[in-house]
Amino acid sequence: MPNIAKDAQLQTVITTFEMTPGTCQDLLDALTDAYKTFISKQPGFIAAGLHVNDAQTRIANYSQWQRREDFQAMLRTEEMRERNRRINLLCRSFEPVMYDVAEAFG
């Protein structure tokens, strides 16, 4: 379960994917498989969530890592580079961005 707290000592990554409704489920399946079989097993992985908008034109991925370097190392693996090439074919664009929690409520 993600921990959203201002003082959390971790790296937050939010990735947005843009696609058509016709490829949304295929992309969601590819991302789900990547998390279940590979990403969640990488050093430094803490938690993640996948969110789909109601029009099925965007997927938002929220993930947390112990360190920025852990996320970057996962991206550099041959397996993830190959997965990202396939994921890129299913969407118009995707962009992972690293964030720090500025405030948390609730």
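Here's what I pulled together on the structure shown here. (Residues numbered from 1 in each chain as written. Predicted model: local features only at pLDDT ≥ 70, side-chain atom pairs only at ≥ 80, totals over all residues. Heavy atoms only, no water.)

**Some details on the environment of Cys91**
Move 1: Mapped onto the elements of the fold, Cys91 is located in the loop between α3 (78–90) and β4 (93–99).
Move 2: When the C-alpha positions of Cys91 and Lys6 are compared, they lie 32 Å apart, and in sequence the two are 85 residues distant.
Move 3: Discounting residues that sit within four places of it in the chain, Cys91 has contacts with Phe17, Glu18, Met19 and Leu27. (Helix = DSSP H or I, 4+ residues; strand = E, 2+ residues; numbered from the N terminus. Contact = heavy atoms within 4.5 Å.)

**Overview of the packing of helix α1 (residues 21–37) against α3**
To characterise two packed helices, one gives the angle between the axes of the helices and the distance between these axes.
Move 1: Put simply, α1 and α3 touch, their axes get as near as 9 Å, and they point 160° apart. What the angle tells us is that α1 and α3 run roughly antiparallel. When you trace α1 past α3, the crossing you get is left-handed. Contacts between α1 and α3 involve Thr23, Asp26, Leu27, Ala30, Leu31, Asp33, Ala34 and Thr37 on the former and, on the latter, Arg83, Ile87 and Leu90.
Move 2: Considered class by class, the residues forming the contact of α1 with α3 number six nonpolar, two polar and three charged. (Axes fitted to C-alpha atoms, helices over the stretch in contact; angles between N-to-C directions. Parallel < 35°, antiparallel > 145°, perpendicular 65-115°, else oblique. Left-handed = near helix turned anticlockwise from the far one by under 90°. Nonpolar A, V, L, I, M, F, W, Y, C, P; charged D, E, K, R; others polar.)

**Concerning the packing of aromatic side chains**
Move 1: Per the counting criterion, the structure on display carries four aromatic pairs.
Move 2: Plain terms: the ring middles of Phe17 and Phe94 are 5.3 Å apart, the flat faces sit at 20° to each other, and that makes the pair stacked. Of this pair, Phe17 sits in strand β1 (residues 11–18) while Phe94 sits in strand β4; the two residues are 77 residues apart in sequence, bridging distant segments of the chain.
Move 3: For Phe17, a relative accessible area of 4% translates into the label buried.
Move 4: Take Phe94: its relative accessible area is 24%, and that puts it in the partly exposed class.
Move 5: Each ring, one from Phe45 and one from Trp65, has its centre 5.4 Å from the other, and the planes form 80°; the classification is edge-to-face. Taken together, the residues span a long stretch of sequence, with Phe45 in strand β2 (residues 45–52) and Trp65 in strand β3 (residues 58–65) at a distance of 20 residues.
Move 6: Classification of Trp65 by relative accessible area gives buried; the value is 0%. (Phe/Tyr/Trp six-rings, centres within 6.5 Å; stacked < 30°, edge-to-face > 60°. Buried < 20%, exposed > 50% of the residue type's maximum accessible area, 1.4 Å probe, protein only.)

**Quick notes on the pairing of β1**
Move 1: As defined by bridge partners, β1 adjoins β3 across eight bridges and the pair is classed as antiparallel. If you follow Val13 over to β3, its bridge partner there is Ser63.
Move 2: Relative to β4, β1 runs antiparallel, the two being bridged by seven bridges. Note that in β4 the partner of Phe17 across the bridge is Phe94. (Pairing = 2+ DSSP bridges.)

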